[in-house]
Amino acid sequence: MPWKEETVKMKREEFAKRALQQEKSMSALCREYGISRPTGYKWLERYKRNESMADQSRAPLRTPNKILPEMEQLVLDYRKKHPAIGAVKTKRILENKGHTGLPSASTINAIFKRNGCITKEASQAAMPHQRFEKESPNKMWQADFKGHFRMKDSKRCHPLNIIDDCSRFNLCSDALTGEAFGGKEIAVRESHIPGSISLFYRQFRIDRIDVARRVFTLKKAYLIEGDPRQPI
């Protein structure tokens, strides 16, 4: 004989029938089914009104701030014509065209996602840049000029910082007269010679290492203009 499957709906109906038959007190019956007395009375009243004993939707009956279908269609039509334009720019362009009552940029972005206008690949491509980091010290040093400023003698100062990529230890902080490393020497231990130097995320080779003097010399290494968000 197969097992009889009982659903939550069937248990509620069974509870209501037994409560109407006054088989036990309401308190004892609720304890048997593991529910509170207010919940027991709720299911009993629903059974009396011949209402469904299944869970009802918890969605609000009214959503006064819901986007109108016409407005949503306006946003989607513009997105189809210009798939590369995001929510913020879409809102501004539609406002410039005279449309009023537009939803916020976040709501427009939600409309795009809900209607399949934003793919998973596009979302990943729009993620902010994740900084890379070497797994141990002295794998790579980062050399960076921190801009430049004018001094009282009318000369310009170009601050140079060199830090270890992993530990963020500051190896050098010096004021130079130009953005060039010519002959810059940094005293280091023999075991602490880095594998590479990153200058604005642009790699260049070490020209000379004098282990006997324990001096690391950078020669003919000049600043290469580049975008730090575009590592090579």
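Before going into details, it helps to say that this report is about the structure given with it. For clarity, every value in this text was computed on a predicted model and none was experimentally measured. (Residues numbered from 1 in each chain as written. Predicted model: local features only at pLDDT ≥ 70, side-chain atom pairs only at ≥ 80, totals over all residues. Heavy atoms only, no water.)

1. Quick look at helix H3 (residues 37-48)
Item 1. With 12 residues, H3 extends 16 Å between its outermost C-alpha atoms, agreeing within 8% with the 16 Å of an ideal straight helix rising 1.5 Å per residue.
Item 2. Three or more residues of H3 are buried, namely Gly40, Trp43, Leu44 and Arg46. All buried residues of H3 lie within an arc of 160 degrees about the axis, which places them on one face of the element.
Item 3. Buried residues along H3 sit in contact with helix H1 (8-20) and helix H2 (26-33).
Item 4. The first or second residue beyond H3 is Asn50, which carries a positive phi of 60 degrees. (Helix = DSSP H or I, 4+ residues; strand = E, 2+ residues; numbered from the N terminus. Expected span 1.5 Å × (residues − 1). Buried < 20%, exposed > 50% of the residue type's maximum accessible area, 1.4 Å probe, protein only. Arc of directions from axis to C-beta. Contact = heavy atoms within 4.5 Å.)

2. Examining the packing of aromatic side chains
Item 1. Applying the stated criterion across every chain, the model contains 1 aromatic pair.
Item 2. When the centroid spacing of 5.4 Å and the interplanar angle of 80 degrees are considered together, the rings of Phe15 and Tyr33 count as edge-to-face. Here Phe15, found in helix H1, pairs with Tyr33, found in helix H2; they are 18 residues apart in sequence, far enough to count as distant.
Item 3. By relative accessible area, which is 2% here, Phe15 ends up buried.
Item 4. Sitting above the plane of the Phe112 ring, Arg79 keeps its charged end 4.6 Å from the centroid. (Phe/Tyr/Trp six-rings, centres within 6.5 Å; stacked < 30°, edge-to-face > 60°. Lys NZ or Arg CZ within 6 Å of the ring centre and 35° of its normal.)

3. Side note on the pairing of strand S4 (residues 170-176)
Item 1. Of the strand pairs in this sheet, strand S3 (residues 156-164) and S4 are connected by 6 bridges, and their pairing is antiparallel. Each bridged residue has a counterpart across the sheet, and for Asn161 the counterpart in S4 is Ser173.
Item 2. Counting the residues between successive antiparallel strands, the hairpin from S3 to S4 contains 5 residues, one of them, Arg168, with a positive phi of roughly 65 degrees. (Pairing = 2+ DSSP bridges.)

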